[in-house]
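# Report on the structure
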Amino acid sequence: DSKQGFTVIFQFIQTSLNTKLCSPLKSSVQPSVKVKNGARMSVVCRADISKSTDFQLKHNFTVFKNGKPVFTTISDREGAQYEIPVARSSDTGEYECTVEAGGKTKSSDSLHVWITGMTKPILTAEEKEVLEGEVVKLRCELPEEVPPLYFFFRKIKMNSTPKEKHVYEPYRNFSEVTFSVEEGDNILYFDCFGKRSVLLQFESSEHSNRTLVTVKEPFIKPTLNAKPSGNITEGDRIHFECSTVVARMRDIEIILQKNKTILKSVQDEKILKYSAVATLEDSGEYLCKVEQGRASKTTKLNVVVSELFPKPILSASTSNLDENKELTLSCSISGFRKANFSILRKNSNGDISLKNSRNLTMRVNVNDTGSFICKAEVKGIVKESKPVMINIYGELIQRLRSHGLPEVVLGKPLRLICRSAMGTPPITFRFHKGNEVKTIVTNDTYATFLDENIRQNDKKGYKCDARNNHSSGMKTMLILISFVPSSVVPIRSASLGSIPYGEVEDGHETAFLCSVKEGSWPIHFRIFRKTDHEVLLFETSENADRIVWRKKAMSRQDTGTYYCMASNRANVDVKSHPITISVILAVWQKGVIAASVLIPIAGAVTFASWWFLCKKKKGNEWSPSICLVTNVLQLNLHLFQEQRLVGLRLQEMTRYKLKN
């Protein structure tokens, strides 16, 4: 129960360096201590306690690292010690001590401890002896280090810069990589080292043990020979031979190629043979390649083939001539006469042989236009000349026609087509309007001319001339267009009217008048009624600028909107403004309706009057019920006669309307 006060002192001891650092309870500066990796480390927590009487006091010491408890002890002494026999990088962190005694707790200032250096990594190789083309699998481990870690592997070859690979391992303290063994790798060394990030800095370990890996050749570099080895001429047979020595005959392939084109390949054999008749195109570099797994070795050989004879030359008497003329073709070889010649015409489906000779004379037609070649063969070697283009021209036969309507429409474009029914292209067409050249077009068979606005005073004719390379020269065609009698004036301003206008009695006749202000005859008139869709009511073609259409008997269903459209050979539809027609009841129909309403009312009034008079009579001998029956019968008879007269009048009026 006595009052107690104490102070906690946090002490760190590094025995290997024989140093002692103390941190008082309330120090404002946090010390930072560096400890070498692998050294012995002690964390000492001491409490300086003042007490009023002499009695035994239990102290509860707790050491924290990065906020987590790592050591706890209860002692009657005023100090406690946390021992770390071998300090590792994972022991780096913020240390703090807390003491609880007599119901009171005090904490020290934190102390940053940095374990410098890393453990030496251990490198192991899966194989100590490998073949070219295989891979070496390596494992590097940093024992007692805590991830995340960076691993660096090195492949070391004599007289060359080491090749390096690095791997980041966030969750484990080891890593594995593979290195491929390439051609020329004989003796290889491998090592590794590690890195970790501390306070935004990288700390590296020392390099691991160096591991030796011996490389064996799976096969030797291939040998490539050609026979004959020199003075090869076109027509000679050339033999190639590619061979190697293999340590293990399995999955091996030998390939012979020229300019990336594979000539031949064999599998699971030690030798490849290939032969062919030499041509000038066979000169160049040949490559023999041997592959097994990932291993590959190559050998190159340069071959020169001498020319036996040059390419032939094809000459023509002319390259442009008219059809039905003679063409002479000749094939020759400079400085060489003993050869087998043939003359051919090129074709997309295969060349067409014309004659097996050095000379050819033929009478041509337009279908013979094309490319001609000649071939020469000596000792099995065939060479082809450059193609010669021959153009055969047929005589022009020309036609000129207008495109579109048979008549010319004022203000509208006129299109003319000048066409060559026969004649070899290219053909140059010229269009004239009067004496003025308007358009020049070069095309295969036809050309088009467009005069965009025909005017009333255009009296001149059109002319088209055409020319190709035929010796007959230019062909001309003339067309005259007379504008006045055959020109078409388009429709202008259509209108629609009716008699009577606006309202029409049911059963009466209505006359519709559709007219235009201007337009060439004949004119096609159409009258429509517009409902939810367009309804054509009447159409006709007249040599007039107006038409009248009579609708004999209008009904209530004919109520609606009406319009008319007019057109002529100008092919332009002109629409009038719409008019609205309402069909109303006729006078006699109104009378019938009035009669059907008034007669029952009159009957009801008569009945009420009779009933009142019968009730006022007194002393009469007849019975009121008898009086009522008699008078009701008389009233019904009267109403029947009135309705019969109305029906007869309606029938007479209907017959009168139908007659009219």
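Overview of the structure.

Definitions and limits used
Residues numbered from 1 in each chain as written. Predicted model: local features only at pLDDT ≥ 70, side-chain atom pairs only at ≥ 80, totals over all residues. Heavy atoms only, no water. Salt bridge = Lys/Arg side-chain N within 4 Å of Asp/Glu carboxyl O. Helix = DSSP H or I, 4+ residues; strand = E, 2+ residues; numbered from the N terminus. Buried < 20%, exposed > 50% of the residue type's maximum accessible area, 1.4 Å probe, protein only. Contact = heavy atoms within 4.5 Å. Pairing = 2+ DSSP bridges. Axes fitted to C-alpha atoms, helices over the stretch in contact; angles between N-to-C directions. Phe/Tyr/Trp six-rings, centres within 6.5 Å; stacked < 30°, edge-to-face > 60°. Core = buried A, V, L, I, M, F, W, Y, C linked by side-chain atoms within 4.5 Å.

So, about the pattern of salt bridges. A full pass over the atoms with the stated rule returns 28 salt bridges. Here E217 makes a salt bridge to K297, at a shortest N to O gap of 2.4 Å. Placement of E217 in the loop between strand 19 (211-216) and strand 20 (223-227) and of K297 in strand 27 (residues 295-303) is noted, with a sequence separation of 80 residues between them. Using a relative accessible area of 2% as the deciding quantity, one classes K297 as buried. Where D573 meets R526, a salt bridge forms, and the shortest distance between an N and an O atom there is 3.5 Å. Of the two residues, D573 is situated in the loop between strand 51 (560-567) and strand 52 (574-575) and R526 in strand 48 (residues 523-530); the sequence distance between them amounts to 47 residues. A relative accessible area of 47% places D573 in the partly exposed class. The structure contains a network of salt bridges with shared partners spanning E132, E217 and K297.

Okay, the environment of G507 next. Residue placement: G507 occurs in the loop between strand 46 (503-505) and strand 47 (510-518). Classification of G507 as partly exposed rests on a relative accessible area of 42%. Not counting the four nearest positions on each side in its chain, G507 is found in contact with K552, A553 and M554.

So, about the sheet that holds strand 20. In spatial order, the strands read 20-22-25; together these three strands make up an open sheet with antiparallel pairing. Both outer strands of the open sheet, strand 20 and strand 25 (271-277), are each paired with one neighbouring strand and no more. This sheet shows a mean twist of 15° between the axes of neighbouring strands, independent of strand direction. Sheet topology note: the strand 22 (residues 237-243)/strand 25 ladder contains seven bridges and is antiparallel. Bridged to H239 within strand 25 is S275.

The tally for this structure, following the rule as stated, stands at eleven aromatic pairs. An angle of 45° between the planes, with centres 5.6 Å apart, marks the rings of F179 and F190 as tilted. In this pair, F179 sits in strand 16 (residues 174-180) while F190 sits in strand 17 (residues 187-198), placing the two residues eleven residues apart along the sequence. In terms of burial, F179 and F190 fall into one category: buried.

Right, let's talk about the sheet that holds strand 26 (residues 284-292) for a bit. Ordered in space as 24-23-26-27, the four strands form an open sheet in which the pairing is antiparallel. The sheet is open, and its two borders are formed by strand 24 (261-267) and strand 27, each paired with just one other strand. Across the sheet, the mean angle from the axis of one strand to that of its neighbour is 15°, orientation sign disregarded. Pairing geometry for strand 23 (residues 252-258) and strand 26, over seven bridges, is antiparallel. Within strand 26, the position partnered with I252 by the bridge is Q292.

This brings us to the environment of T279. Looking at the secondary structure, you find T279 in the loop between strand 25 and strand 26. Discounting chain neighbours no more than four positions away, the residues touching T279 are E234, V305 and I381.

L327, L329 and I390 are the most contacted members of the largest nonpolar core, which totals 21 residues. Elements with a contribution of two residues or more to this core: strand 31 (326-332), strand 32 (340-345), strand 34 (359-363), strand 35 (370-378) and strand 37 (388-393). Sort the elements by how many residues they give to this core and strand 35 lands first, with four residues. Those residues in contact with L329 that sit more than four places away from it in its chain are L314, S315, A316, I343, R358, N359, L360 and F372.

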